[in-house]
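Listed below are the residues making up each chain.
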Amino acid sequence: MREPFKIFHQSWKARGLRTAVPMMEAEVKQEAFWQYGPAEPASPIVYAVPHAGRTYPDTLLTSARVEPHFLVRLEDRLVDQVAEGLRQADVRLIVARWPRAMIDLNRDEHEFDPRLIADLPRHVHARETAKVRGGLGLVPTRLAPCGPIWRGAMPFAELHRRITEIHRPYHTAVAQALRAAYRRFGIALLVDLHSMPPLPRSYGRGEQAKIVLGDLFGRSAASRLTALCSDVMRSAGLPTAINAPYPGSYTLERHGAPDRGTHALQVEIDRTLYLDDHMDVCAGSLAHMQRILCRMDGHLQQELLGGQALQAAE
């Protein structure tokens, strides 16, 4: 029997858990995220990784009724390692520090199950969306095949702390980076990096899509940028789908405003492109995927900086 998933958290030795690949050394380390890149933007592109955090505090682990390796399934496992190659391109890169099991940064702060909170104030209104009903709201509540994740409801004060100390600072940093890029270049693009399990062949023109690009069906980014990314991925031999089954969510809704020159695009990467057969650690194919992402970045920078026709046409 193989060993369980590696987990990196504050006291992994005391709990007998192995450490995973640690996060990259950051230029700016905050409570909520790590930030990389020059102080002044050298590129109009900002990259964000919201679901690769793997710092699991003991309080989170003890409040779970499931084993830690089930919580790891919520991660976009080690996708920040794919983004590591972008550091040579002098782009701004923002990587969430805390795991998705603690708080999902790709959800609205009101998008949670009210039954999760023991003492929900009357003035706080929860949005019970399809994602919440499926167990994947602001704080995930259910996970196949283990069912409910938590031993019981949490105090509202704890949810409020996670929102104010993690969720809001992360999105504030993303917004500030985009504003800085726009001020310098007159245009800005957020690339929101995720990873996904292998898809069936029903997506990607009958092929098994290895990349899914999301732009909220054209609402968060110029279609020309989405098509360019698709062309780069397909030229690298990676079947690519657009907006199916992942069109994007809160992050694109919040930060994408193409009519005002700020675009937001979600990129989902099949985990088999960079992880081992157990979806546990990075494989030798990681370097190849890093090069492809850097190639995409180069084409996007050339498109964004090469002319103002994009802003006028879209």
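Residues numbered from 1 in each chain as written. Predicted model: local features only at pLDDT ≥ 70, side-chain atom pairs only at ≥ 80, totals over all residues. Heavy atoms only, no water.

## Re the side chain of R92
For step 1, the next point in the chain: Mapped onto the secondary structure, R92 falls in strand 4 (residues 92-96).
For step 2, the next point in the chain: Buried charged residue R92 carries no salt bridge. Nearest counter-charge: E40, at 7.3 Å.
For step 3, the next point in the chain: A polar contact is formed between the side chain of R92 and the backbone oxygen of A39, at a distance of 3.2 Å.
For step 4, the next point in the chain: Contact partners of R92, with chain neighbours within four places excluded, come to Q35, Y36, P38, A39, I45, V46, Y47 and A177. (Helix = DSSP H or I, 4+ residues; strand = E, 2+ residues; numbered from the N terminus. Buried < 20%, exposed > 50% of the residue type's maximum accessible area, 1.4 Å probe, protein only. Lys, Arg positive; Asp, Glu negative; His and termini not counted. Salt bridge = Lys/Arg side-chain N within 4 Å of Asp/Glu carboxyl O. Polar contact = N/O pair within 3.5 Å; in protein donor to acceptor, adjacent residues only side chain to side chain. Contact = heavy atoms within 4.5 Å.)

## Some thoughts on the environment of E253
For step 1, the next point in the chain: You can see E253 is positioned in helix 7 (residues 250-255).
For step 2, the next point in the chain: Residue E253 is classed as partly exposed on the basis of its relative accessible area of 44%.
For step 3, the next point in the chain: With near-sequence residues (within four places) excluded, E253 lies in contact with L216 and R219.
For step 4, the next point in the chain: Of the polar contacts made by the side chain of E253, one reaches the side chain of R219; its length is 3.3 Å.

## Describing the pairing of strand 10 (residues 262-270)
For a regular strand, side-chain orientation follows a simple rule: the groups alternate between the two sheet faces.
For step 1, the next point in the chain: Here strand 10 lies mainly inside the structure; nine of its nine residues are buried.
For step 2, the next point in the chain: In strand 10, alternate side chains face the same way, and those of T262, A264, Q266, E268 and D270 on one face and H263, L265, V267 and I269 on the other are all buried.
For step 3, the next point in the chain: One ladder, built from nine bridges, connects strand 7 (residues 188-196) with strand 10; its direction is parallel. Looking at the pairing, V191 lines up with L265 of strand 10.
For step 4, the next point in the chain: Note that strand 8 (residues 211-214) and strand 10 share four bridges and pair antiparallel. Looking across to strand 10, one finds that L213 is bridged to V267. (Pairing = 2+ DSSP bridges.)

## Some details on the packing of helix 6 (residues 223-235) against helix 8 (residues 286-305)
The packing of two helices is summarised by the inter-axis angle and the distance between the axes.
For step 1, the next point in the chain: Between helix 6 and helix 8, the least distance of the axes is 10 Å, while the angle of their chain directions is 145°. Considering the relative orientation of helix 6 and helix 8, their crossing is right-handed. Residue-level contacts link R224, L225, L228, C229, V232 and M233 of helix 6 to M289, I292, R295, M296, H299, L300, E303 and L304 of helix 8.
For step 2, the next point in the chain: Within the contact of helix 6 with helix 8, the residues separate by chemical class into ten nonpolar, one polar and three charged. (Axes fitted to C-alpha atoms, helices over the stretch in contact; angles between N-to-C directions. Left-handed = near helix turned anticlockwise from the far one by under 90°. Nonpolar A, V, L, I, M, F, W, Y, C, P; charged D, E, K, R; others polar.)

## Notes on helix 8
For step 1, the next point in the chain: With 20 residues, helix 8 ought to run about 28 Å at 1.5 Å a step, and its terminal C-alpha atoms sit 28 Å apart, in line with that.
For step 2, the next point in the chain: Residues L286, M289, Q290, I292, L293, M296, D297, L300, Q301, E303 and L304 constitute the buried set of helix 8. (Expected span 1.5 Å × (residues − 1).)

## Considerations on the pattern of salt bridges
For step 1, the next point in the chain: All chains considered together, the criterion is met by 17 salt bridges.
For step 2, the next point in the chain: Put simply, R77 and D280 hold a salt bridge, and the shortest N to O gap is 3.3 Å. Of this pair, R77 sits in the loop between helix 2 (68-72) and helix 3 (79-83) while D280 sits in the loop between strand 10 and helix 8; the two residues are 203 residues apart in sequence, bridging distant segments of the chain.
For step 3, the next point in the chain: The class of D280 is buried, set by a relative accessible area of 5%.
For step 4, the next point in the chain: We note a salt bridge from R234 to E207, for which the minimum N-O separation is 3.2 Å. Of this pair, R234 sits in helix 6 while E207 is found in the loop between strand 7 and strand 8, placing the two residues 27 residues apart along the sequence.
For step 5, the next point in the chain: Judged by relative accessible area, R234 falls into the partly exposed class, the value being 25%.

## Here's the deal with the confidence of the model for the protein
For step 1, the next point in the chain: Across the protein, the average pLDDT comes to 88, with 86% of residues at or above 70.
For step 2, the next point in the chain: The model gives residues 1-21 a pLDDT under 50, and that stretch makes 57 contacts with residues more than four places away or in other chains.
For step 3, the next point in the chain: Scored below 50 in pLDDT, residues 23-28 makes 24 contacts in the model with residues more than four places away or belonging to other chains. (pLDDT = per-residue confidence, 0-100.)

## Observations regarding the environment of L286
For step 1, the next point in the chain: By the element assignment, L286 lies in helix 8.
For step 2, the next point in the chain: When the C-alpha atoms of L286 and T272 are compared, they prove to be 9.7 Å apart, with 14 residues separating the residues in sequence.
For step 3, the next point in the chain: Setting aside anything within four residues of it in sequence, one finds L286 in contact with Q81, V82, L273 and Y274.

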